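# Close look at the chain arrangement
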Amino acid sequence: MNDASWNTLRGGFLGYLLSQTRNAAFNDLAVELEPMGITCAQFRVVAGIAHKRANTLSDFARYLDYDTGAMKRLLDRVEEKGLIRRVPCPADRRTLNLELTDEGQALYPQLMAAVKKVHERMLQGFSPQEEEQLQNLLQRITANTLHG
């Protein structure tokens, strides 16, 4: 490749770095979650419900950028583990809302402890000011996107 612009942030390297960072974080998280018998994708469902980011199949498909078939299969697996349940929506009985079971609520603090461990490892050597700066820069990048 003759064009050296690919290794600049504006030339494509930003996307690569963000993708590599996300992949590294998920790989580390997978190691931490494995003893709990849950995958990163399943964790994202539990956390998404706990943080009220999504509560229906279609909400989750948009939130996690999955097609609805793949999302249904993922939700089925999390439900089979006893971590979530589907309940009819009071406003529209055709829609099923997702909520955490007692088991899912009990597991949630352990899941978040695993996330904290990964994040602390990722931010090792960062000063509090650098952490704040990184957070602000990432929030600005997100705000600059069409869907931010």
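In what follows, the accompanying structure is described.

Reading the values: rules and limits
- Throughout, residues of each chain are indexed from 1 in the direction in which the sequence is written.
- It should be noted that, the model being predicted, local features are given only for residues of pLDDT at least 70 and side-chain atom pairs only at 80 or more, the latter also being counted only at that level, while totals for whole chains, interfaces and linings use all residues.
- Side-chain numbers here rest on the full set of heavy atoms in the structure, without hydrogens or water.
- Two rings belonging to Phe, Tyr or Trp (six-membered ring only in the last case) form a pair when the distance between their centres is within 6.5 Å. Interplanar angles under 30 degrees mark stacking, angles over 60 mark edge-to-face geometry, and anything in between is tilted.
- Comment: elements are numbered from the N terminus, with helices defined as DSSP H or I runs of at least four residues and strands as E runs of at least two.
- Per-residue accessibility, obtained with a 1.4 Å probe over protein chains only, is compared with the maximum for each type, and a residue is labelled buried under 20%, exposed over 50%, and partly exposed between these values.
- Candidates for patches are residues over 30% relative accessible area with no salt bridge; among them, like charges are joined within 9 Å and nonpolar side chains (Val, Leu, Ile, Met, Phe, Trp, Tyr) within 5 Å.
- Surface accessibility in these figures is a Shrake-Rupley result with a 1.4 Å probe; residues are shielded only by whichever protein chains are displayed.
- By definition here, a salt bridge exists when the distance from a side-chain nitrogen of Lys or Arg to a carboxyl oxygen of Asp or Glu is within 4 Å.

For the coordinates displayed, the defined rule picks out 2 aromatic pairs. Taking 6.1 Å as the distance between ring centres and 70° as the angle between the ring planes, the aromatic pair formed by F60 and Y63 counts as edge-to-face. Within this pair, F60 and its partner Y63 are both found in helix α3 (residues 57-64), separated by 3 residues, close to a single helical turn. Judged by its relative accessible area of 0%, F60 is buried. With a relative accessible area of 33%, Y63 lands in the partly exposed category.

This part is about a nonpolar patch on the surface. Taken together, L18, F126, L134, L138 and I141 make up a surface patch of nonpolar side chains, about 360 Å² in accessible area. Of the residues forming the nonpolar patch, the biggest block, 3 residues, is contributed by helix α6 (residues 128-143). Inspection of the secondary structure puts L134 in helix α6. Its relative accessible area of 32% is what places L134 among the partly exposed residues.

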